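Single-letter residue listing:
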Amino acid sequence: MPEPQQLLESLAKTLQAVVKPHPGGALVEATIEPLPGPIDVTEILHGALDATFITKDVRFADFKPESQLTPAGLGTSIIGGQPLAGTPTATGVNGLLGQLTGSIPMLSQTKVPVQLEVVWVVQDQNGQPLAQEKWNVSKGVPFTEGGVPKVKGTEIAIAFQPAVDELTTTNPVPAPLHYQLVATVTLKALDLTHSLPLPAVPVLIPALLIPKLLAAFRHADFQPKAGDDDGFVFLMVPGNSPLRSLEQLKSTLATLQETVTTLKAFADFAAFLLNLDSLISGVTASPYFAFAAADGVPVLNDTTVIQNNIFTNDIELEDEISSMILIGPPNKVVHWFCEDDYDTEDGDLTVKIGPQFFTLIRNFAGDNPASDPTGMVQVLHQPDNGDDTFNDFMSSVRFE
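Visitor: It is not clear to me how the sheet that holds strand S24 (residues 323–327) should be interpreted in this structure. Could you clarify?
Guide: Within a beta sheet, neighbouring strands are joined by backbone hydrogen bonds and run either parallel or antiparallel to one another. Pairing is mixed across the open sheet formed by 5 strands, whose spatial order is S20-S19-S16-S24-S27. For this open sheet the edge positions go to strand S20 (289–293) and strand S27 (358–361), each flanked by a neighbour on one side alone. If you compare each strand with its neighbour and ignore which way they point, the axes differ by 10° on average. In this sheet, S24 lies alongside strand S16 (residues 213–217) in antiparallel orientation, the contact comprising 5 bridges. Within S24, the residue paired with Leu-213 across the bridge is Ile-327. Relative to S20, helix H3 (residues 246–261) is tilted by about 85°, and along the sheet it contacts S16, strand S19 (233–237), S20 and S24. Of the strands in this sheet, S16, S19, S24 and S27 are in contact with helix H4 (residues 267–285), which crosses S24 at around 130°.

Here it is in C-alpha coordinates:
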(Lines give C-alpha, C1' and ligand atoms only; values in the text may rest on other atoms or scores of the structure.)
Protein backbone atom coordinates (compact mmCIF):
# COMPACT_ATOMS: atom_id res chain seq x y z
CA MET A 1 0.00 0.00 0.00
CA PRO A 2 1.36 3.53 -0.81
CA GLU A 3 2.79 5.59 2.01
CA PRO A 4 0.56 8.41 3.41
CA GLN A 5 2.78 11.09 1.85
CA GLN A 6 2.36 9.49 -1.57
CA LEU A 7 -1.39 9.33 -1.01
CA LEU A 8 -1.51 13.08 -0.25
CA GLU A 9 0.49 13.90 -3.38
CA SER A 10 -1.73 11.71 -5.55
CA LEU A 11 -4.87 13.16 -4.00
CA ALA A 12 -3.72 16.75 -4.65
CA LYS A 13 -3.32 15.97 -8.36
CA THR A 14 -7.02 15.06 -8.62
CA LEU A 15 -8.17 18.53 -7.46
CA GLN A 16 -9.19 21.35 -9.77
CA ALA A 17 -10.39 24.93 -9.35
CA VAL A 18 -13.89 25.61 -10.71
CA VAL A 19 -15.36 29.07 -11.37
CA LYS A 20 -19.12 29.67 -11.57
CA PRO A 21 -20.42 33.14 -12.61
CA HIS A 22 -23.62 34.60 -11.18
CA PRO A 23 -26.27 36.15 -13.46
CA GLY A 24 -24.81 39.28 -14.99
CA GLY A 25 -21.29 37.87 -14.75
CA ALA A 26 -19.80 40.46 -12.38
CA LEU A 27 -19.87 38.13 -9.36
CA VAL A 28 -18.15 34.75 -9.56
CA GLU A 29 -17.89 31.89 -7.09
CA ALA A 30 -14.84 29.64 -7.05
CA THR A 31 -14.37 26.30 -5.32
CA ILE A 32 -12.21 23.19 -5.36
CA GLU A 33 -13.58 19.95 -6.75
CA PRO A 34 -13.76 17.24 -5.65
CA LEU A 35 -13.39 17.93 -1.96
CA PRO A 36 -10.96 15.31 -0.56
CA GLY A 37 -12.24 12.55 1.72
CA PRO A 38 -10.29 10.52 4.28
CA ILE A 39 -7.36 8.36 3.21
CA ASP A 40 -6.66 4.74 4.21
CA VAL A 41 -3.50 4.42 6.29
CA THR A 42 -1.89 1.16 7.45
CA GLU A 43 -0.19 1.39 10.84
CA ILE A 44 2.14 -1.11 12.53
CA LEU A 45 0.99 -1.77 16.07
CA HIS A 46 3.12 -3.61 18.63
CA GLY A 47 1.15 -6.27 20.52
CA ALA A 48 2.45 -7.71 23.78
CA LEU A 49 3.66 -11.36 23.72
CA ASP A 50 3.77 -13.43 26.92
CA ALA A 51 4.40 -17.02 25.88
CA THR A 52 4.95 -18.63 29.24
CA PHE A 53 5.74 -22.31 29.16
CA ILE A 54 6.97 -24.71 31.78
CA THR A 55 10.11 -26.74 30.94
CA LYS A 56 12.04 -27.74 33.99
CA ASP A 57 15.55 -29.19 34.23
CA VAL A 58 15.54 -29.04 37.97
CA ARG A 59 14.04 -31.08 40.75
CA PHE A 60 10.67 -30.19 42.19
CA ALA A 61 8.98 -31.41 45.29
CA ASP A 62 6.01 -32.74 43.24
CA PHE A 63 4.96 -33.34 39.67
CA LYS A 64 2.29 -30.62 39.46
CA PRO A 65 2.72 -27.71 36.96
CA GLU A 66 3.67 -24.36 38.42
CA SER A 67 1.11 -21.56 38.32
CA GLN A 68 3.70 -18.84 37.82
CA LEU A 69 7.36 -18.63 36.96
CA THR A 70 8.41 -15.93 39.31
CA PRO A 71 11.02 -16.28 42.01
CA ALA A 72 8.38 -15.84 44.66
CA GLY A 73 6.32 -18.73 43.33
CA LEU A 74 9.21 -21.08 42.64
CA GLY A 75 11.39 -20.48 45.63
CA THR A 76 9.82 -23.20 47.74
CA SER A 77 9.06 -25.57 44.86
CA ILE A 78 12.60 -26.18 43.55
CA ILE A 79 14.54 -28.53 45.74
CA GLY A 80 17.68 -28.77 43.65
CA GLY A 81 19.23 -29.47 40.33
CA GLN A 82 19.50 -32.79 38.53
CA PRO A 83 22.22 -35.06 39.93
CA LEU A 84 25.36 -35.70 37.97
CA ALA A 85 25.88 -39.03 36.30
CA GLY A 86 27.08 -41.71 38.66
CA THR A 87 25.76 -40.04 41.80
CA PRO A 88 23.14 -41.57 44.00
CA THR A 89 19.53 -41.07 42.90
CA ALA A 90 18.16 -37.76 44.17
CA THR A 91 14.71 -37.23 45.52
CA GLY A 92 12.05 -35.15 43.79
CA VAL A 93 10.64 -34.86 40.33
CA ASN A 94 12.93 -33.83 37.51
CA GLY A 95 11.90 -31.32 34.89
CA LEU A 96 12.78 -28.22 32.76
CA LEU A 97 12.18 -24.56 33.63
CA GLY A 98 11.74 -21.72 31.01
CA GLN A 99 9.83 -18.46 30.18
CA LEU A 100 9.54 -16.21 27.08
CA THR A 101 8.08 -12.66 26.95
CA GLY A 102 8.19 -9.93 24.26
CA SER A 103 6.09 -8.21 21.56
CA ILE A 104 4.87 -9.00 18.07
CA PRO A 105 4.08 -6.53 15.21
CA MET A 106 0.44 -6.36 14.00
CA LEU A 107 -1.00 -4.46 10.99
CA SER A 108 -3.99 -2.09 11.49
CA GLN A 109 -5.78 -0.20 8.65
CA THR A 110 -7.53 3.07 9.59
CA LYS A 111 -9.15 6.05 7.80
CA VAL A 112 -7.46 9.37 8.47
CA PRO A 113 -9.26 12.69 7.74
CA VAL A 114 -7.59 15.05 5.26
CA GLN A 115 -7.62 18.80 5.93
CA LEU A 116 -7.81 21.09 2.87
CA GLU A 117 -6.58 24.68 2.85
CA VAL A 118 -6.84 26.88 -0.26
CA VAL A 119 -5.25 30.25 -1.02
CA TRP A 120 -6.35 32.17 -4.13
CA VAL A 121 -4.59 34.90 -6.09
CA VAL A 122 -6.51 37.20 -8.47
CA GLN A 123 -4.50 38.00 -11.60
CA ASP A 124 -4.87 39.98 -14.80
CA GLN A 125 -4.62 38.30 -18.18
CA ASN A 126 -0.83 38.61 -18.04
CA GLY A 127 -0.56 36.68 -14.80
CA GLN A 128 0.15 39.74 -12.64
CA PRO A 129 -1.76 40.48 -9.40
CA LEU A 130 -4.89 42.47 -10.21
CA ALA A 131 -5.22 45.89 -8.54
CA GLN A 132 -7.37 45.39 -5.47
CA GLU A 133 -9.71 48.30 -6.24
CA LYS A 134 -10.99 46.28 -9.21
CA TRP A 135 -12.32 43.39 -7.14
CA ASN A 136 -13.97 42.74 -3.80
CA VAL A 137 -14.38 39.61 -1.68
CA SER A 138 -17.91 38.73 -0.51
CA LYS A 139 -17.03 35.19 0.65
CA GLY A 140 -13.61 34.11 1.89
CA VAL A 141 -10.91 35.71 4.03
CA PRO A 142 -8.83 38.41 2.29
CA PHE A 143 -5.26 38.97 3.41
CA THR A 144 -1.97 40.24 2.02
CA GLU A 145 1.20 38.18 1.81
CA GLY A 146 4.42 39.50 0.40
CA GLY A 147 2.62 42.57 -0.89
CA VAL A 148 0.19 40.43 -2.91
CA PRO A 149 -3.52 40.47 -1.97
CA LYS A 150 -4.89 36.95 -1.56
CA VAL A 151 -8.05 35.14 -0.46
CA LYS A 152 -8.26 32.12 1.82
CA GLY A 153 -11.13 29.63 1.63
CA THR A 154 -12.26 26.41 -0.02
CA GLU A 155 -15.26 28.35 -1.40
CA ILE A 156 -14.93 32.04 -2.26
CA ALA A 157 -17.00 34.70 -4.03
CA ILE A 158 -15.46 37.73 -5.74
CA ALA A 159 -17.16 40.70 -7.40
CA PHE A 160 -15.23 42.30 -10.26
CA GLN A 161 -15.76 45.90 -11.31
CA PRO A 162 -17.05 45.71 -14.90
CA ALA A 163 -16.67 48.14 -17.74
CA VAL A 164 -19.86 50.13 -18.39
CA ASP A 165 -21.39 50.85 -21.79
CA GLU A 166 -24.74 51.82 -23.25
CA LEU A 167 -27.35 49.21 -24.10
CA THR A 168 -28.17 49.69 -27.80
CA THR A 169 -28.96 47.72 -30.93
CA THR A 170 -26.26 49.44 -32.97
CA ASN A 171 -23.10 49.65 -30.86
CA PRO A 172 -20.92 46.51 -30.85
CA VAL A 173 -20.92 44.61 -27.57
CA PRO A 174 -17.68 45.41 -25.72
CA ALA A 175 -15.23 42.55 -25.22
CA PRO A 176 -15.23 41.09 -21.70
CA LEU A 177 -12.43 41.80 -19.26
CA HIS A 178 -10.01 38.86 -18.98
CA TYR A 179 -8.81 37.86 -15.53
CA GLN A 180 -7.79 34.59 -13.88
CA LEU A 181 -7.77 32.86 -10.50
CA VAL A 182 -4.88 30.74 -9.29
CA ALA A 183 -5.43 28.42 -6.32
CA THR A 184 -2.76 26.77 -4.19
CA VAL A 185 -4.08 23.77 -2.27
CA THR A 186 -2.51 22.38 0.88
CA LEU A 187 -3.46 18.92 2.13
CA LYS A 188 -2.75 17.84 5.70
CA ALA A 189 -3.10 14.39 7.29
CA LEU A 190 -1.46 13.02 10.42
CA ASP A 191 1.74 15.07 10.68
CA LEU A 192 2.18 15.25 6.88
CA THR A 193 1.66 18.25 4.56
CA HIS A 194 1.63 18.64 0.78
CA SER A 195 1.06 21.87 -1.20
CA LEU A 196 0.37 22.18 -4.92
CA PRO A 197 -0.46 25.20 -7.15
CA LEU A 198 -3.33 24.38 -9.51
CA PRO A 199 -3.57 25.61 -13.12
CA ALA A 200 -4.98 29.13 -13.56
CA VAL A 201 -8.71 29.32 -14.27
CA PRO A 202 -9.87 32.09 -16.67
CA VAL A 203 -12.52 34.57 -15.53
CA LEU A 204 -14.41 36.64 -18.10
CA ILE A 205 -16.27 39.72 -16.85
CA PRO A 206 -18.78 41.05 -19.40
CA ALA A 207 -19.45 44.76 -19.71
CA LEU A 208 -22.43 46.11 -17.78
CA LEU A 209 -24.84 47.51 -20.35
CA ILE A 210 -27.01 50.30 -18.95
CA PRO A 211 -29.88 51.68 -21.04
CA LYS A 212 -29.91 55.42 -21.51
CA LEU A 213 -33.27 56.26 -19.98
CA LEU A 214 -35.13 59.42 -19.08
CA ALA A 215 -37.94 59.11 -16.54
CA ALA A 216 -39.79 62.43 -16.20
CA PHE A 217 -42.48 62.74 -13.52
CA ARG A 218 -45.51 65.03 -13.26
CA HIS A 219 -44.93 65.76 -9.58
CA ALA A 220 -41.86 66.70 -7.54
CA ASP A 221 -39.83 63.92 -5.87
CA PHE A 222 -41.24 61.37 -8.35
CA GLN A 223 -44.49 61.20 -6.38
CA PRO A 224 -47.46 59.29 -7.85
CA LYS A 225 -49.96 61.81 -6.47
CA ALA A 226 -50.02 65.41 -5.22
CA GLY A 227 -53.23 66.42 -3.50
CA ASP A 228 -56.07 65.30 -5.75
CA ASP A 229 -53.91 65.20 -8.87
CA ASP A 230 -52.70 61.84 -10.11
CA GLY A 231 -49.16 61.66 -11.29
CA PHE A 232 -47.56 60.11 -14.35
CA VAL A 233 -44.15 59.12 -15.62
CA PHE A 234 -42.87 59.80 -19.12
CA LEU A 235 -40.25 57.23 -20.16
CA MET A 236 -37.98 57.96 -23.11
CA VAL A 237 -35.16 55.84 -24.56
CA PRO A 238 -33.11 56.61 -27.69
CA GLY A 239 -34.17 55.29 -31.08
CA ASN A 240 -31.34 52.75 -31.09
CA SER A 241 -32.42 51.25 -27.77
CA PRO A 242 -33.73 47.66 -27.87
CA LEU A 243 -36.50 48.65 -25.45
CA ARG A 244 -39.89 49.14 -27.06
CA SER A 245 -42.42 48.77 -24.27
CA LEU A 246 -42.95 49.36 -20.58
CA GLU A 247 -42.84 45.60 -19.97
CA GLN A 248 -39.43 45.30 -21.66
CA LEU A 249 -38.19 48.28 -19.69
CA LYS A 250 -39.31 46.87 -16.34
CA SER A 251 -37.72 43.50 -17.10
CA THR A 252 -34.43 45.14 -18.12
CA LEU A 253 -34.38 47.34 -15.01
CA ALA A 254 -35.06 44.30 -12.76
CA THR A 255 -32.15 42.41 -14.33
CA LEU A 256 -29.93 45.46 -14.03
CA GLN A 257 -30.91 45.83 -10.40
CA GLU A 258 -30.00 42.20 -9.71
CA THR A 259 -26.57 42.62 -11.29
CA VAL A 260 -25.79 45.93 -9.59
CA THR A 261 -26.75 44.40 -6.23
CA THR A 262 -23.74 42.09 -6.56
CA LEU A 263 -21.53 45.19 -7.05
CA LYS A 264 -22.66 47.27 -4.09
CA ALA A 265 -19.26 46.85 -2.41
CA PHE A 266 -18.02 49.41 -4.96
CA ALA A 267 -19.02 52.97 -3.99
CA ASP A 268 -20.17 54.08 -7.46
CA PHE A 269 -22.39 51.05 -7.93
CA ALA A 270 -23.77 51.31 -4.39
CA ALA A 271 -24.93 54.86 -5.13
CA PHE A 272 -26.32 53.77 -8.50
CA LEU A 273 -28.24 50.93 -6.86
CA LEU A 274 -30.00 53.30 -4.44
CA ASN A 275 -31.14 55.56 -7.24
CA LEU A 276 -32.02 52.62 -9.48
CA ASP A 277 -34.31 51.47 -6.67
CA SER A 278 -35.88 54.95 -6.63
CA LEU A 279 -36.40 54.79 -10.39
CA ILE A 280 -38.05 51.38 -10.27
CA SER A 281 -40.24 52.42 -7.34
CA GLY A 282 -41.28 55.62 -9.08
CA VAL A 283 -42.16 53.86 -12.32
CA THR A 284 -44.05 51.11 -10.51
CA ALA A 285 -46.04 53.56 -8.35
CA SER A 286 -47.11 55.91 -11.16
CA PRO A 287 -50.74 55.39 -12.09
CA TYR A 288 -50.18 56.64 -15.64
CA PHE A 289 -47.29 56.50 -18.07
CA ALA A 290 -46.20 57.42 -21.57
CA PHE A 291 -43.39 55.69 -23.45
CA ALA A 292 -41.28 56.87 -26.37
CA ALA A 293 -38.39 55.19 -28.17
CA ALA A 294 -36.98 58.20 -30.00
CA ASP A 295 -33.99 60.51 -29.97
CA GLY A 296 -36.34 63.38 -29.21
CA VAL A 297 -39.93 64.53 -28.88
CA PRO A 298 -40.36 67.90 -30.61
CA VAL A 299 -43.90 68.52 -29.34
CA LEU A 300 -44.71 67.16 -25.90
CA ASN A 301 -48.25 68.51 -26.22
CA ASP A 302 -48.98 65.81 -28.81
CA THR A 303 -48.74 63.07 -26.16
CA THR A 304 -51.79 62.61 -23.96
CA VAL A 305 -51.02 60.79 -20.73
CA ILE A 306 -54.27 61.06 -18.74
CA GLN A 307 -57.47 60.75 -20.73
CA ASN A 308 -60.30 62.55 -18.91
CA ASN A 309 -64.01 62.82 -19.67
CA ILE A 310 -65.59 65.38 -21.95
CA PHE A 311 -66.00 67.84 -19.08
CA THR A 312 -62.34 67.77 -17.98
CA ASN A 313 -59.26 68.62 -19.97
CA ASP A 314 -56.94 65.78 -20.82
CA ILE A 315 -53.42 65.90 -19.42
CA GLU A 316 -50.63 66.09 -21.97
CA LEU A 317 -46.89 66.04 -21.36
CA GLU A 318 -46.37 69.71 -22.11
CA ASP A 319 -45.96 72.03 -19.12
CA GLU A 320 -46.41 69.20 -16.63
CA ILE A 321 -42.87 67.96 -15.82
CA SER A 322 -41.65 68.62 -12.24
CA SER A 323 -38.91 66.02 -11.58
CA MET A 324 -36.75 63.52 -13.45
CA ILE A 325 -34.33 60.60 -13.16
CA LEU A 326 -31.73 60.02 -15.86
CA ILE A 327 -29.60 56.85 -16.01
CA GLY A 328 -26.97 55.54 -18.39
CA PRO A 329 -23.21 55.71 -18.97
CA PRO A 330 -21.58 58.88 -17.59
CA ASN A 331 -21.67 62.14 -19.57
CA LYS A 332 -24.69 61.27 -21.72
CA VAL A 333 -26.95 64.34 -22.04
CA VAL A 334 -30.66 65.13 -22.29
CA HIS A 335 -31.74 68.59 -23.47
CA TRP A 336 -35.00 70.26 -22.32
CA PHE A 337 -36.64 73.14 -24.17
CA CYS A 338 -39.39 75.51 -23.09
CA GLU A 339 -40.67 75.79 -26.67
CA ASP A 340 -41.75 73.26 -29.29
CA ASP A 341 -39.34 71.96 -31.92
CA TYR A 342 -36.27 72.42 -29.71
CA ASP A 343 -36.56 76.21 -29.82
CA THR A 344 -34.40 77.95 -27.19
CA GLU A 345 -36.26 81.28 -27.22
CA ASP A 346 -38.16 80.78 -23.95
CA GLY A 347 -35.40 78.89 -22.18
CA ASP A 348 -33.55 75.59 -22.25
CA LEU A 349 -31.19 73.52 -20.15
CA THR A 350 -29.15 70.33 -20.38
CA VAL A 351 -28.81 67.54 -17.82
CA LYS A 352 -25.74 65.30 -17.90
CA ILE A 353 -25.47 61.83 -16.40
CA GLY A 354 -23.07 61.84 -13.45
CA PRO A 355 -20.07 59.57 -12.82
CA GLN A 356 -22.23 57.14 -10.84
CA PHE A 357 -24.47 56.41 -13.85
CA PHE A 358 -27.41 58.60 -12.77
CA THR A 359 -28.61 62.16 -12.26
CA LEU A 360 -31.72 63.22 -10.33
CA ILE A 361 -33.65 66.46 -10.34
CA ARG A 362 -36.18 66.30 -7.54
CA ASN A 363 -37.82 69.60 -8.45
CA PHE A 364 -37.52 71.76 -11.55
CA ALA A 365 -38.58 74.82 -9.53
CA GLY A 366 -36.48 77.91 -10.06
CA ASP A 367 -34.30 79.10 -12.90
CA ASN A 368 -31.39 76.80 -11.99
CA PRO A 369 -32.72 73.47 -10.70
CA ALA A 370 -30.52 71.52 -8.28
CA SER A 371 -29.24 68.11 -9.33
CA ASP A 372 -27.93 65.04 -7.56
CA PRO A 373 -25.02 64.75 -8.02
CA THR A 374 -24.45 68.47 -8.09
CA GLY A 375 -23.24 70.33 -11.15
CA MET A 376 -25.01 68.16 -13.73
CA VAL A 377 -27.42 70.91 -14.90
CA GLN A 378 -26.39 73.63 -17.33
CA VAL A 379 -28.91 76.40 -17.96
CA LEU A 380 -28.33 77.69 -21.49
CA HIS A 381 -31.21 80.23 -21.55
CA GLN A 382 -33.25 81.39 -18.59
CA PRO A 383 -36.95 80.46 -18.59
CA ASP A 384 -39.13 83.29 -19.97
CA ASN A 385 -42.52 82.65 -18.42
CA GLY A 386 -42.88 85.41 -15.86
CA ASP A 387 -42.27 83.01 -12.99
CA ASP A 388 -38.57 82.41 -13.65
CA THR A 389 -38.95 78.64 -13.26
CA PHE A 390 -38.51 75.56 -15.38
CA ASN A 391 -41.16 73.71 -13.38
CA ASP A 392 -44.19 72.81 -15.53
CA PHE A 393 -42.63 74.69 -18.44
CA MET A 394 -41.18 72.03 -20.77
CA SER A 395 -42.41 71.72 -24.35
CA SER A 396 -39.82 69.53 -26.11
CA VAL A 397 -36.92 67.23 -25.24
CA ARG A 398 -34.14 65.28 -26.97
CA PHE A 399 -31.06 63.21 -26.28
CA GLU A 400 -27.69 64.61 -27.35
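Now that the structure has been shown, the text picks up again.
Visitor: How should the nonpolar core be read in this particular structure?
Guide: Note on soluble globular proteins: their nonpolar side chains tend to be buried together. Ranked by size, the top nonpolar core spans 33 residues in total, and within it Leu-213, Leu-235, Phe-272, Leu-279 and Ile-327 carry the most contacts. For this core, the element with the most residues is H4, which contributes 7 residues. Apart from the residues lying within four places of it in its own chain, the contact partners of Phe-272 are Ile-210, Leu-256, Val-260, Ile-327, Gln-356, Phe-357 and Phe-358. The next biggest cluster of nonpolar side chains, apart from the first, holds 31 residues, and it includes Trp-120, Val-122, Val-151 and Leu-198.

The rules behind the values
Residue numbers run consecutively from 1 along every chain, following the written order of its sequence. Under the rules for a predicted model, residues below a pLDDT of 70 receive no local features and side-chain atom pairs below 80 are neither given nor counted, while totals for whole chains, interfaces and linings still include all residues. To get the side-chain values, take all heavy atoms of the structure and skip hydrogens and water. Whether two strands pair comes down to DSSP finding at least two bridges between them. Comment: elements are numbered from the N terminus, with helices defined as DSSP H or I runs of at least four residues and strands as E runs of at least two. Axis lines are fitted through C-alpha atoms, for helices just across the contact stretch, and the angle between N-to-C directions can take any value from 0 to 180 degrees. Whether two residues are in contact is decided by their heavy atoms, any of which lying within 4.5 Å being enough. For our purposes a nonpolar core is just a set of buried Ala, Val, Leu, Ile, Met, Phe, Trp, Tyr and Cys residues, chained together by side-chain atoms within 4.5 Å. Buried residues are those whose accessible area, probed at 1.4 Å on protein chains only, stays under 20% of the maximum for their type, while exposed residues exceed 50% and partly exposed ones sit between those limits.

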